[in-house]
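Chain residues, written in single-letter form:
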Amino acid sequence: MKFSFAFVLFIFLLSGCNIHKIHEKTAQDQAEKEGLVAISKPEFDASFILPGASLGQYKKIILNDLDFSRVKIIKPSSSHSFQELWELTEKDKEFYQKKFTDSAKNYLFEKGDFSAAISPASDTLVLKTKITEIAPLASKDDFKSRPNLMDVYSEGFGRMTIVFELYDSVSNKLIVLSSDEHDLGRIWERNDRAQNNMQLKLAFDYWLKNLNDELRSNGNK
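What you are looking at is a predicted structure, and each value in this text was computed from that prediction instead of being measured.

### A word on unusual backbone geometry
Most peptide bonds are trans, and most residues other than glycine sit at a negative phi. Although it is not a glycine, asparagine 172 adopts a positive phi angle of roughly 65°. As for its placement among the helices and strands, asparagine 172 is situated in the loop between β8 (158-168) and β9 (174-183). By relative accessible area, asparagine 172 is classed as exposed at 51%.

Here is the structure:
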């Protein structure tokens, strides 16, 4: 049976509608609502910018704390009935916050193109960062989830999704929106607290470096 070109094209376009991950579609919906358009060569899974925005005018960034208010935890498929639900504790949030702040200072301010600010100005952006999803591959390395002190091995720690929102500090207008899902390690190794903490640090380093690169490349246009 021969298929017409039009039919094949229809199937291709139909399949193309499903290529976006959920977090990309969520970012796209928000961007369209705010009047942003897609960045042609983004550093992240999805990035959008306000048309006509002059990123080159911004020299400073006000750094807000990480937002965990809408984080979704995906239960590891390897969990057993005796294990506690993987939970993001206050201690975890403090650790994430520290690693995020360290990476921002390093890649945005010390090695990057911006200086830190604490008050609004015409040359200043406000960075709001959300952790929206954490999908660990194994139970937590604690006495509740691993009561027998068992060794667990997995292909990395799992996945984490982050959203960056950059606002003009004076008008409070959304200027840049980026969303990215990142694998926290890709090799089989022991899944313990030390490895997880290292992978989290690497993830924040990756994200903040790419954010500076994204702002730099679009600020020169």
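### Examining the pattern of salt bridges
Summed over all chains, the structure comprises eleven salt bridges. Across the salt bridge formed by lysine 93 and glutamate 90, the nearest N and O atoms sit 3.5 Å from each other. Within this pair, lysine 93 and its partner glutamate 90 are both found in helix α3 (residues 90-110), separated by three residues, close to a single helical turn. Using a relative accessible area of 24% as the deciding quantity, one classes lysine 93 as partly exposed. Given the relative accessible area of 54%, glutamate 90 is considered exposed. Notably, a salt bridge pairs aspartate 213 with arginine 216, separated by 3.9 Å at the nearest N-O pair. Of this pair, aspartate 213 and arginine 216 both sit in helix α4 (residues 193-219), three residues apart, which is roughly one turn of the helix.

### Observations regarding the packing of aromatic side chains
Tallied over the entire structure, the rule returns five aromatic pairs. Look at phenylalanine 100 and phenylalanine 204: their rings are 6.1 Å apart centre to centre, the planes differ by 65°, and that puts the pair in the edge-to-face class. Of this pair, phenylalanine 100 sits in helix α3 while phenylalanine 204 is found in helix α4, placing the two residues 104 residues apart along the sequence. Residue phenylalanine 204 is classed as buried on the basis of its relative accessible area, which comes to 0%. The ring of tyrosine 167 has lysine 128 lying over it, and the distance from NZ or CZ to the ring centre is 4.6 Å.

### As for the packing of α3 against α4
At a minimum axis separation of 8 Å, α3 and α4 run at an interaxial angle of 40°. When you trace α3 past α4, the crossing you get is right-handed. In this structure, α3 contributes Phe95, Tyr96, Lys99, Phe100, Ser103, Ala104, Tyr107 and Leu108 to the contact, and α4 contributes Asn197, Leu200, Lys201, Phe204, Asp205, Leu208, Lys209, Leu211 and Asn212. For the contact of α3 with α4, the class distribution of residues is ten nonpolar, three polar and four charged.

### Here's the deal with the pairing of β9
For β9, the buried fraction is high: nine of the ten residues fall into the buried class. Strand direction decides the pairing type here: β8 and β9, joined by nine bridges, are antiparallel. Each bridged residue has a counterpart across the sheet, and for isoleucine 162 the counterpart in β9 is aspartate 180. Connecting β8 to the next strand, β9, in antiparallel fashion are five residues, including asparagine 172 with a positive phi near 65°.

Definitions and limits used
- Residue positions within a chain follow its written sequence, with the count starting from 1.
- Reporting of local features is limited, given that this is a predicted model, to residues whose pLDDT is at least 70; pairs of side-chain atoms are given and counted only at 80 or more, and all residues count toward the totals for whole chains, interfaces and linings.
- The side-chain quantities take in all heavy atoms of the structure and omit both hydrogens and water.
- Working definition: helices are DSSP H or I runs of at least four residues, strands are E runs of at least two. Numbering for both runs from the N terminus.
- Exposure categories follow from relative accessible area, calculated using a 1.4 Å probe and restricted to protein chains: below 20% of the type maximum is buried, above 50% is exposed, and the middle band is partly exposed.
- We count a salt bridge whenever a side-chain nitrogen from Lys or Arg sits within 4 Å of a carboxyl oxygen from Asp or Glu.
- Only centres within 6.5 Å qualify two rings of Phe, Tyr or Trp (six-membered ring in Trp) as a pair; their planes then separate them into stacked at under 30 degrees, edge-to-face at over 60, and tilted for everything else.
- Definition used: whenever NZ (Lys) or CZ (Arg) falls within 6 Å of the ring centre and also within 35 degrees of the ring normal, the charge is taken to sit over that ring.
- Only the stretch in contact is used when fitting a helix axis, every axis being a line fitted to C-alpha atoms; angles between N-to-C directions are given from 0 to 180 degrees.
- Should the near helix be turned anticlockwise from the far one by less than a right angle, the crossing is left-handed, and should it be turned clockwise, the crossing is right-handed.
- Every residue pair with non-hydrogen atoms within 4.5 Å of one another is taken to be in contact.
- Each residue gets one label: Ala, Val, Leu, Ile, Met, Phe, Trp, Tyr, Cys and Pro are nonpolar, Asp, Glu, Lys and Arg are charged, and the others, such as Gly, are polar.
- A pair of strands is labelled paired if DSSP reports no fewer than 2 bridges between them.

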